[in-house]
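The residues making up each chain are set out below.
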Amino acid sequence: MLGELFHIEKILEVCEKILYFLKINLLFLVFNIPVLLFFLFVGISNVREYLPFFLLCLIPAGPAFAAVLFSMNRVLHGIETSAWKDYRTGYVQDLQKKLALAAIQSVLIWVFWTNVEFFSLQIPFFPLTVLFFLLFLGTVLMTPNLYLLAARYQMGVKDYLKGAMLLTISKPALTFGNIIAAVFILMLLEIRAGTVILFMASIYGFLIVFMNRKVLGILDRQAEGVEK
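Given the structure is predicted, the values throughout are model-derived calculations rather than measurements.

Chemist: Please provide a residue-by-residue account of the overall build of the chain, values included.
Modeler: The helix and strand inventory of the chain stands at 12 helices and zero strands. The helix and strand sequence of the chain, counted from the amino end, reads α-α-α-α-α-α-α-α-α-α-α-α. Its C-alpha radius of gyration of 19 Å places the chain within 12% of the 17 Å reference for a compact globule of 228 residues. On the principal axes, the C-alpha backbone points of the chain span a range of 75 × 50 × 30 Å. Split by element, the accessible area of the chain, about 13,500 Å² in all, is 72% carbon and sulfur.

The following block contains the structure:
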């Protein structure tokens, strides 16, 4: 009898976690209505043609993704409360800074990609094409680190950008892991799009938090040392 109760309790815990992941993902989608409307009415195939408009629609995704990472960090440490409360806390905390980060990153992506096309198509010059492509790639690849820091620490906007770029360059294994996690989610979307879309942001966020837990632990100890 006690064994059955134990198994039932474990099953209920798993169901609660699944429901938590589902709710966090749905909140992420709700807070990204602008980009969803872009995909619906403009189309993902037209992102390059309407890149400035797409990046503008993408700005709300910054604080939304930070909220997902904040919630997944709580899950990892077993201190989660309700999905809405955790997501709201992660979203509204330093909201202006997160929006500023998203806006700055969008502008950088637009500038670098515009230069890539300019020096590859209009005035072909290979060295500058490579330079701006690397800058564009670095700006995109630092996204998980950028909002991971924003979800966990209180710093200035410049410090977030510097810290994210430093982590992206100095921790190539983690950067590669972040890429693999994104590719993994895309593969799942190809296989089970209808199901995965309900959990993709939560699963990706959890993978990012889990893979970077040691680095965050080191940063936490450094932050505590500075405070003391």
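Chemist: Before we move on, could you go through the nonpolar core and cite the residues and values that matter?
Modeler: If you look at the biggest cluster of nonpolar residues, it comprises 43 residues, and the most contacted ones within it are Phe-28, Leu-69, Met-72, Tyr-87, Leu-146 and Tyr-147. A per-element tally of this core places helix 4 (residues 61-76) first, with nine residues. Among all residues touching Phe-28, those that are not within four sequence positions of it are Ala-61, Ala-64, Phe-65, Val-68, Tyr-87 and Ala-201.

Chemist: Could you give me a rundown of a nonpolar patch on the surface, with the residues and numbers involved?
Modeler: Together, Val-30, Ile-33, Leu-37, Leu-40 and Phe-41 make up an exposed nonpolar region whose accessible area comes to about 530 Å². In terms of residue count, helix 2 (residues 33-41) provides more of the nonpolar patch than any other element does, four residues in total. With respect to the element layout, Val-30 can be found in helix 1 (residues 2-30).

Chemist: Now, about the packing of aromatic side chains: what can you tell me, with residues and values included?
Modeler: By the definition in use, this model includes 16 aromatic pairs. Measuring from centroid to centroid gives 5.9 Å for Phe-21 and Phe-206, while their planes differ by 55°, and the two rings are tilted. Here Phe-206 lies in helix 11 (residues 200-211) and Phe-21 lies in helix 1, a separation of 185 residues in the sequence. Overall, the relative accessible area of 14% leaves Phe-21 in the buried class. Residue classification places Phe-206 among the partly exposed positions, given a relative accessible area of 25%. Centre to centre, the rings of Phe-38 and Phe-53 are 5.7 Å apart; their planes meet at 55°, and the pair counts as tilted. A residue pair is termed long-range when its members are at least 10 positions apart, and Phe-38 in helix 2 and Phe-53 in helix 3 (residues 51-58) qualify at 15 residues. Note on Phe-38: relative accessible area 2%, which makes it buried. A relative accessible area of 43% places Phe-53 in the partly exposed class.

Chemist: So what's going on with the side chain of Asn-178? Residues and values would help.
Modeler: Tracing the chain through its elements places Asn-178 in helix 10 (residues 172-196). Not counting chain neighbours up to four residues away, the residues in contact with Asn-178 comprise Pro-144, Asn-145, Tyr-204, Ile-208, Met-211 and Asn-212.

Chemist: Account for the pattern of salt bridges, naming residues and giving values.
Modeler: This model, assessed by the stated rule, comprises four salt bridges. Put simply, Lys-17 and Glu-80 hold a salt bridge, and the shortest N to O gap is 2.9 Å. Residue Lys-17 is located in helix 1, and its partner Glu-80 is located in the loop between helix 4 and helix 5 (83-92); the two are separated by 63 residues in the primary sequence. The shortest N-O distance in the salt bridge between Asp-86 and Arg-74 comes to 2.8 Å.

Chemist: If you had to explain unusual backbone geometry to someone new, which residues and values would you point to?
Modeler: Of note in the backbone geometry, Asp-94 takes a positive phi value of approximately 55° without being a glycine. With relative accessibility at 24%, the residue Asp-94 sits in the partly exposed group.

Chemist: Any details on helix 5? Residues and values, ideally.
Modeler: Ala-83, Asp-86, Tyr-87, Gly-90 and Tyr-91 are the residues of helix 5 that are buried. Seen from one end, helix 5 has its buried residues packed into an arc of 130°, which puts them on one side. The first or second residue beyond helix 5 is Asp-94, which carries a positive phi of 55°.

Chemist: An account of the packing of helix 4 against helix 11 is requested, with residue identities and associated values reported.
Modeler: Running from N to C, helix 4 and helix 11 point in directions that differ by 65°, and their axes come no closer than 8 Å. When the axes of helix 4 and helix 11 are compared, the crossing they make is right-handed. Here Phe-65, Val-68, Leu-69, Met-72, Asn-73, Val-75 and Leu-76 of helix 4 come into contact with helix 11, specifically with Ala-201, Ser-202, Tyr-204, Gly-205, Phe-206, Ile-208, Val-209 and Phe-210.

Procedures and definitions
As a convention, each chain's residues are numbered from 1 in the sequence order in which they are written. Residue-level local features of this predicted model are given only where pLDDT is at least 70; pairs of side-chain atoms are given and counted only at 80 or more, and the full residue set underlies all totals for whole chains, interfaces and linings. With hydrogens and water excluded, all non-hydrogen atoms of the structure serve as input to the side-chain values. Note on conventions: DSSP H or I runs of at least 4 residues are helices, E runs of at least 2 residues are strands, and numbering of each starts at the N terminus. Radius of gyration here uses only the C-alpha atoms, and the compact-globule reference equals 2.2 Å multiplied by the residue count raised to the power 0.38. Only the protein chains shown count as covering a residue, and every accessible area follows the Shrake-Rupley method with a 1.4 Å probe. Take the buried Ala, Val, Leu, Ile, Met, Phe, Trp, Tyr and Cys residues and link them wherever side-chain atoms come within 4.5 Å; each set so joined is a nonpolar core. Classification of residues uses two cut-offs on accessible area relative to the type maximum, computed with a 1.4 Å probe and protein chains only: under 20% is buried, over 50% is exposed, and between them is partly exposed. Any pair of residues with heavy atoms lying within 4.5 Å of one another is described as a contacting pair. Here, patches come from residues exposed beyond 30% relative accessible area and free of salt bridges, joined within 9 Å for like charges and within 5 Å for nonpolar side chains (Val, Leu, Ile, Met, Phe, Trp, Tyr). We define a salt bridge as a side-chain nitrogen of Lys or Arg found within 4 Å of a carboxyl oxygen belonging to Asp or Glu. Between the rings of Phe, Tyr and Trp (Trp by its six-membered ring), a pair exists once the centres lie within 6.5 Å; its type follows the angle of the planes, with under 30 degrees stacked, over 60 edge-to-face, and the other angles tilted. When we speak of the arc, we mean the arc of directions from the helix axis to the C-beta atoms. For every element, the axis is a line fit to its C-alpha atoms; helices are fit only across the contacting stretch, and the angle between N-to-C directions ranges from 0 to 180 degrees. By definition, any crossing whose near helix is turned counterclockwise from its far helix by less than a right angle is left-handed, and any crossing with a clockwise turn is right-handed.

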